[in-house]
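Next come the chains, spelled out residue by residue.
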Amino acid sequence: MAHMPSAVLSPAPSDAELRSLFHPVFAEIAKGAVERERERRLPFDEIRLLREAGFTRLRVPQEFGGFGASLPQVYRLLIDLAEAESNLPQALRVHTGLIEDLRLDTDPARREHWLRKAGEGALFGNGITELGAGFTDGFQTKLVQDGETFRLDGEKFYSTGSLFADHILVAAQYGDQRVGVLVDADQPGVSQQDDWDGFGQRLTASGTSRYEGVQVSADRIFERGYGTPGPGHQTALFQLVQLSVLAGIAKRAVADIVAVTQSRTRTYNHALADLPKDDPLVQQVIGRGEAAAFAARATVLAVADLLGAVLDQLNAGEEVSSEAYDEVELAAAKAQSSVIPLVLRAVTDLFEVGGASITRSDKALDRHWRNARTISLHNPVIYKEQRIGDNLLNGAAPPYAWTVGERQGPSNQGVSK
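The following refers to the structure shown. (Residues numbered from 1 in each chain as written. Predicted model: local features only at pLDDT ≥ 70, side-chain atom pairs only at ≥ 80, totals over all residues. Heavy atoms only, no water.)

**Some points on helix H4 (residues 71-84)**
Side chains of residues three or four places apart in an α-helix project in the same direction, reflecting 3.6 residues per turn.
Stage number 1. Over its 14 residues, H4 extends 20 Å from the first C-alpha to the last, a length consistent with the 20 Å expected when each residue adds 1.5 Å.
Stage number 2. Most of H4 sits out of view: twelve of its 14 residues are buried.
Stage number 3. Turning to H4, its buried residues number three or more, namely Leu71, Pro72, Gln73, Val74, Tyr75, Leu77, Leu78, Ile79, Asp80, Leu81, Ala82 and Ala84. (Helix = DSSP H or I, 4+ residues; strand = E, 2+ residues; numbered from the N terminus. Expected span 1.5 Å × (residues − 1). Buried < 20%, exposed > 50% of the residue type's maximum accessible area, 1.4 Å probe, protein only.)

**Here's the deal with the pattern of salt bridges**
Stage number 1. Tallied over the full model, the rule gives 24 salt bridges.
Stage number 2. For glutamate 37, the salt bridge identified is with arginine 370, shortest N-O distance 2.8 Å. Pair noted here: glutamate 37 is in helix H2 (residues 33-39) and arginine 370 is in helix H11 (residues 366-376), with a separation of 333 residues, a long-range link. With respect to class, glutamate 37 is no different from arginine 370; both count as buried.
Stage number 3. Each of Glu37, Arg202, Asp366 and Arg370 takes part in one network of salt bridges that share partners. (Salt bridge = Lys/Arg side-chain N within 4 Å of Asp/Glu carboxyl O.)

**Some words on the packing of aromatic side chains**
Stage number 1. Tallying each qualifying case throughout the model produces eleven aromatic pairs.
Stage number 2. Centre to centre, the rings of phenylalanine 22 and phenylalanine 67 are 5.7 Å apart; their planes meet at 65°, and the pair counts as edge-to-face. Taken together, the positions of phenylalanine 22 in helix H1 (residues 15-31) and phenylalanine 67 in the loop between helix H3 (44-53) and H4 put the pair 45 residues apart, joining distant regions of the chain. Each member of the pair, phenylalanine 22 together with phenylalanine 67, is buried.
Stage number 3. Each ring, one from tryptophan 114 and one from phenylalanine 124, has its centre 6.0 Å from the other, and the planes form 70°; the classification is edge-to-face. Of this pair, tryptophan 114 sits in helix H7 (residues 108-119) while phenylalanine 124 sits in strand E1 (residues 124-127), placing them ten residues apart in sequence.
Stage number 4. Look at tryptophan 114 and you get buried, because its relative accessible area is 3%.
Stage number 5. With a relative accessible area of 1%, phenylalanine 124 lands in the buried category. (Phe/Tyr/Trp six-rings, centres within 6.5 Å; stacked < 30°, edge-to-face > 60°.)

**A few points about the packing of helix H8 (residues 234-262) against helix H10 (residues 322-349)**
Stage number 1. Where H8 meets H10, the closest approach of the two axes is 10 Å, and the angle between their N-to-C directions is 20°. Accordingly, the angle class assigned to the pair H8 and H10 is roughly parallel. In terms of crossing hand, the pair formed by H8 and H10 is left-handed. Of H10, the residues touching H8 (which contributes Thr235, Ala236, Gln239, Leu243, Leu246, Ile249, Ala250 and Ala253) are Val328, Glu329, Ala332, Ala335, Gln336, Val339, Ile340, Val343 and Val347.
Stage number 2. Of the residues belonging to the contact of H8 with H10, the class tally is 13 nonpolar, three polar and one charged. (Axes fitted to C-alpha atoms, helices over the stretch in contact; angles between N-to-C directions. Parallel < 35°, antiparallel > 145°, perpendicular 65-115°, else oblique. Left-handed = near helix turned anticlockwise from the far one by under 90°. Contact = heavy atoms within 4.5 Å. Nonpolar A, V, L, I, M, F, W, Y, C, P; charged D, E, K, R; others polar.)

**Let's talk about the packing of H10 against H11**
Stage number 1. Interaxial distance between H10 and H11 falls to 9 Å at its minimum, and their mutual angle equals 165°. Comparing their axes, H11 and H10 come out roughly antiparallel. Classified by chirality, the crossing of H11 by H10 is left-handed. In contact with Ile340, Val343, Leu344, Val347 and Thr348 of H10, H11 contributes His368, Trp369, Ala372, Arg373 and Ser376.
Stage number 2. Broken down by class, the residue content of the contact of H10 with H11 amounts to six nonpolar, three polar and one charged.

**What to know about unusual backbone geometry**
Leaving glycine aside, a negative phi is the common case for residues, and trans is the common case for peptide bonds.
Stage number 1. Positive phi outside glycine occurs at arginine 40, with the angle close to 50°.
Stage number 2. Inspection of the secondary structure assignment puts arginine 40 in the loop between H2 and H3.
Stage number 3. Here the phi dihedral of arginine 224 falls at roughly 55°; this positive angle occurs in a residue that is not glycine.

Treat this as a map of the structure, not an account of what it does.
As structure tokens, this is what we get:
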């Protein structure tokens, strides 16, 4: 496996240069995808390959040891990585988002420190979502003053990617303020479990993380933590990572079905050709699946262009209007509403090219539907569609950094938990 050269490419690398660096790595990762799925083996080795190749520092500025790639370039590669292994872009989702936040950090010393860490290959995980009451009215995870430092206590679920990480960004409540707290994964009081039990995306390390009396210095605390009201770029960025995963899943599902169909000789006595690969109905199903993969990719990259333009403005120190933020957020919601049903139909219909034998576990083709269905449930699309309609009809702004948990409204009074 070739490693990234020690010198960064200057000026910023082209798409062709990035493909030549990372596509061989993706091909190596893809070789073990079925075996990892069957054995439920977390992709520690594959994360290592990505780090060694420099994938985790794509958006780190060149002055700090990264590539300085554009945001659309990152999303192109995330889709390609998802085609090889759909769990990996999701595991890197918060890392991807935190790099953008660090690029925009107004504390110069902290910005340089952590971007240099990222440029050296440091990987960031997350501790945001909480079970039970959740965090609609504030995080259950608390940060309190403890002498000259601070103490962090709480429990998180869906701690995606944190088992692979060096540092974890934990969302916490500090009084009436939502903050982000950056802790070391091996710090005393930090513990993690691989107890994610969903039927899809099973290799993302999306389990429980606990923080018990974790000591935190003031320079590790970020204001405006997740869920802070007001427009921003983060929710669109995170949503696009999920949609990149779906686009990659669709592409891989088509490739796998093509390979199966090309070697398949069994067919039906009332089929339209002697071999499935020559059957026009089979060809139509596969063609429709490929078209869905193409459309999903194009949709994701169209929104990535909009989001990239907003982040370019922010990185240049320019003010971004609320209208520009709304445009990006609504575009991400429209993409979600379009890509999800498109990909789910494609990965379902592709099974029509064969009989029951195509469902045998040795092929692990079911992973495509399970993974697509699981990733599609992040940020439920029904609420996004409603907000699109409300915006068109009434000019309502989209929600930003929405939260999830129990709502203590009148209809929830006296309901048994």
